[in-house]
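These are the residues of each chain, in order.
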Amino acid sequence: MCCVQKGPKHGPAPIPEEGKWVKAKKIEDISGFTHGIGWCAPQQGACKLSLNVKDGIIQEALVETIGCSGMTHSAAMAGEILIGKTLLEALNTDLVCDAINTAMRELFLQIVYGRTQSAFSEGGLTIGAGLEDLGKGLRSQVGTIYSTLAKGPRYLEMAEGYIKHIYLDKDDQICGYEFIHMGKFMEEIKKGTDANEALKKVTGTYGRVTEEQGAVKKIDPRHE
């Protein structure tokens, strides 16, 4: 067979990485911070995985799960497994739980295509950025809303924390809520603050919660 030479010598298209345009040829060319979601095979649980990758190696991992109780233990093991591995190693390592493995796959795609939160941040995000995402209380932000046709919706947990009361207007519609920031509460307890005093310090409200604002009733969402 006659050997025909290839003409154009196109390299890889550059991807945005930490404020640079990088032509990725090797796994160590890849850097970035991103997070994404994975789900398990029966689709009964999910994992939000955050990774901070520097020169192809996972320096930081934040694993947050929701679903079956076993996922929390899987996350504990995955947290030990992930750090120090290259992206390729992590992609081909059993991370214990379907949802975490799927999240790893989805994050790999984002990172190697340059679709990261730190794509245009010079130098990227420092190690520890993932933990700072949780705020000073260092707690995952979980939304838990329970509703029935007979009784309507109940807010149980919002970004701010544990919902103590929900406020209703004259039409019995939710117009505000009172919350307890559980992360800050535990910090106060660790400092030796009296529990009742700590509870007052970390309790806040959102929305319309006074009569002047139109709230006419407050109920305990777990018992009323």
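Going by the structure above, here's the rest.
Computed from a prediction, not measured in an experiment: that's the story for all the values here. (Residues numbered from 1 in each chain as written. Predicted model: local features only at pLDDT ≥ 70, side-chain atom pairs only at ≥ 80, totals over all residues. Heavy atoms only, no water.)

Engineer: How would you summarise the overall build of the protein if you had to cite specific residues and measurements?
Structural biologist: Along its length, the protein carries six helices and eleven strands. What you see for the protein is a C-alpha radius of gyration of 23 Å, clearly larger than the 17 Å of a compact globule of 224 residues, by over 25%. Each principal axis of the C-alpha distribution contributes one length, and for the protein these read about 85 × 45 × 35 Å. In the protein, which comprises 224 residues, the proportion classed as buried is 36%. Per element, the accessible surface of the protein, about 13800 Å² overall, is 54% carbon and sulfur. Of the charged side chains in the protein, 26 are positive and 29 negative, and the gap between their average positions amounts to 4 Å. (Helix = DSSP H or I, 4+ residues; strand = E, 2+ residues; numbered from the N terminus. Rg over C-alpha atoms; globule rule 2.2 N^0.38 Å. Buried < 20%, exposed > 50% of the residue type's maximum accessible area, 1.4 Å probe, protein only. Areas by Shrake-Rupley, 256 points an atom, 1.4 Å probe, with all protein chains shown as cover. Lys, Arg positive; Asp, Glu negative; His and termini not counted. Charge placed at Lys NZ, Arg CZ, Asp CG, Glu CD.)

Engineer: Outline the sheet that holds strand β5 (residues 57-66), supporting the account with residue identities and numerical values.
Structural biologist: In space, the three strands of this open sheet follow the order β3-β4-β5, with antiparallel pairing throughout. Looking at the sheet topology across the chains shown, the edges are occupied by β3 (32-39) and β5. Across the sheet, the mean angle from the axis of one strand to that of its neighbour is 15°, orientation sign disregarded. Examined bridge by bridge, β3 and strand β4 (residues 46-54) share eight bridges and lie antiparallel to one another. (Pairing = 2+ DSSP bridges. Axes fitted to C-alpha atoms, helices over the stretch in contact; angles between N-to-C directions.)

Engineer: Help me get a handle on the packing of helix α5 (residues 182-190) against helix α6 (residues 195-202), residues and values and all.
Structural biologist: The description of two helices packed together rests on the angle between their axes and the distance between the axes. As a packed pair, α5 and α6 sit with axes 9 Å apart at the nearest point and diverge in direction by 145°. Where α5 crosses over α6, the two elements pack in a sense that is right-handed. The residues of α6 that touch α5, namely those facing K184, F185, E188 and I189, are A195, A198, L199, K201 and V202. (Left-handed = near helix turned anticlockwise from the far one by under 90°. Contact = heavy atoms within 4.5 Å.)

Engineer: Any details on α5? Residues and values, ideally.
Structural biologist: Within α5, the full set of buried residues consists of G183, F185 and E188. Where the residues of α5 are buried, they touch α6.

Engineer: Which residues make up the packing of aromatic side chains, and what values go with them?
Structural biologist: What describes a pair of aromatic rings is the distance from one ring centre to the other and the angle between the planes of the rings. Taken as a whole and assessed by the stated rule, the structure comprises four aromatic pairs. Taken together, a centroid distance of 6.0 Å and an interplanar angle of 75° make the contact between Y155 and Y177 edge-to-face. Of this pair, Y155 sits in strand β7 (residues 152-158) while Y177 sits in strand β9 (residues 174-180), and the two are 22 residues apart along the sequence. A relative accessible area of 23% places Y155 in the partly exposed class. Put simply, the rings of Y155, Y177, F179 and Y206 pair up and form one aromatic cluster. (Phe/Tyr/Trp six-rings, centres within 6.5 Å; stacked < 30°, edge-to-face > 60°.)

Engineer: Describe the packing of helix α1 (residues 70-82) against helix α3 (residues 98-112), listing the residues and the values that go with them.
Structural biologist: One way to put it is that α1 packs onto α3 with a least axis distance of 9 Å and a crossing angle of 45°. Our classification of the angle between α1 and α3 gives oblique. Of the residues in α3, those touching α1 at M71, S74, A75, A78 and L82 are A99, I100 and M104. Here the residues of the contact of α1 with α3 are counted per class, giving seven nonpolar, one polar and no charged. (Parallel < 35°, antiparallel > 145°, perpendicular 65-115°, else oblique. Nonpolar A, V, L, I, M, F, W, Y, C, P; charged D, E, K, R; others polar.)

Engineer: Kindly report on the environment of V112, identifying the contributing residues and their values.
Structural biologist: For V112, the location among the structural elements is in helix α3. We classify V112 as partly exposed; its relative accessible area is 22%. The sequence separation of V112 and L87 amounts to 25 residues, and the corresponding C-alpha distance is 9.2 Å. Beyond its immediate sequence surroundings of up to four residues, V112 is in contact with I15, I30 and L87.

Engineer: Run through the environment of E211, naming residues and quoting values.
Structural biologist: Position of E211 relative to the elements: it lies in the loop between β10 (203-207) and β11 (217-219). Taking the relative accessible area as the measure of exposure, E211 reaches 71% and is therefore exposed. C-alpha of E211 to C-alpha of D169: the two residues are 42 residues apart in sequence and 9.0 Å apart in space.

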